[in-house]
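Residue-level structural notes
Single-letter residue listing:
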Amino acid sequence: MLNSDVWQLHHIRRAGRMILIKGKVTLFLAFALFTSCLSLACTSKGNIFSLNVGDCFNGATFGEIEDVKIVKCSEPHNSEVFAKVQVDRSSWPGESYISNYAEESCVNRFQSYVGKNYYDSIWYVKWLSPTKQSWEEVDDREIVCLISPEYGRTSEEARNSRK
């Protein structure tokens, strides 16, 4: 039997030098977490499912992922976990609900982690969220809020950076 755990990554962008619009643009990038099993009873999860608040890591910004390379936040990294939020619903609420709930939840938790309002910060918010498939197959109800630099990697921890 072949199982696949599918997550989605969302990235909130603010208006700035490169984007000449008001408000924000939400970019959707799909993350497919692909695991295979040799027996019918096997359910395998990569380390993406065990990230903790404060973990920094390097991982793909698109495509299929199961594992990311967790590193010290003082080393170059492209993402930092700053919050984990449970979706309190028994049945799949739909992608639109998940996306809106994730955006609101992550942005609301940003200032307490960084020490600065999100819309005045240098950091960008992304999140990993369940898809209908991961919701139904592995009972995935967790949104993982991520902070990243606008481009590339950083060797700086976002926690209490006030930037």
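Residues numbered from 1 in each chain as written. Predicted model: local features only at pLDDT ≥ 70, side-chain atom pairs only at ≥ 80, totals over all residues. Heavy atoms only, no water.

Time to look at the packing of aromatic side chains. Summed over all chains, the structure comprises six aromatic pairs. Centre to centre, the rings of Phe82 and Phe110 are 5.9 Å apart; their planes meet at 85 degrees, and the pair counts as edge-to-face. Of this pair, Phe82 sits in strand β6 (residues 79-86) while Phe110 sits in helix α1 (residues 95-114), placing them 28 residues apart in sequence. In this pair, the class of Phe82 matches that of Phe110, namely buried. Ring-pair connections join several aromatic residues into one group, and the members of that group are Phe82, Phe110, Tyr113, Tyr118 and Tyr119. A cation over a ring is seen here: Arg89 above Tyr97, with NZ or CZ 4.2 Å from the ring centre. (Phe/Tyr/Trp six-rings, centres within 6.5 Å; stacked < 30°, edge-to-face > 60°. Helix = DSSP H or I, 4+ residues; strand = E, 2+ residues; numbered from the N terminus. Buried < 20%, exposed > 50% of the residue type's maximum accessible area, 1.4 Å probe, protein only. Lys NZ or Arg CZ within 6 Å of the ring centre and 35° of its normal.)

Moving on to the nonpolar core. Most often, soluble globular proteins have nonpolar side chains that are buried together. Grouped together as the largest cluster of nonpolar side chains are 21 residues, with contacts concentrated most on Phe82, Phe110, Ile143 and Ile147. Among the secondary structure elements, those contributing two or more residues to this core are β6, α1, β7 (124-130) and β8 (142-148). Of all the elements, α1 adds the most residues to this core, at seven residues. Among all residues touching Phe110, those that are not within four sequence positions of it are Phe82, Gly115, Lys116, Asn117, Tyr118, Ser121, Trp123, Val125 and Ile147. Residues Leu51, Phe57, Val81 and Leu146 belong to the second largest nonpolar core, which totals nine residues. (Core = buried A, V, L, I, M, F, W, Y, C linked by side-chain atoms within 4.5 Å. Contact = heavy atoms within 4.5 Å.)

It is worth spelling out the state of the cysteines at this point. Put plainly, two cysteines are in a disulfide when a covalent bond ties their sulfur atoms together. Going through the model one piece at a time under the given rule, you end up with two disulfides. Each disulfide pairs two cysteine sulfurs, and for Cys56 the partner residue is Cys73, the sulfurs being separated by 1.9 Å. Since a negative S-S torsion denotes a left-handed disulfide, the Cys56-Cys73 link at about 95 degrees is right-handed. Taken together, the residues span a long stretch of sequence, with Cys56 in strand β3 (residues 56-58) and Cys73 in the loop between β5 (69-71) and β6 at a distance of 17 residues. Taken as a pair, Cys56 and Cys73 share a single burial class, namely buried. Disulfide pairing is shown between Cys106 and Cys145; the S-S distance is 2.0 Å. Across the disulfide from Cys106 to Cys145, rotation about the S-S bond amounts to roughly -80 degrees, and the bridge is consequently left-handed. With Cys106 in helix α1 and Cys145 in strand β8, the pair connects residues that are 39 residues apart, well separated along the chain. Sequence-ordered numbering of the bonded cysteines in the protein chain yields a pairing of 1-2, 3-4. (Disulfide = S-S within 2.5 Å.)

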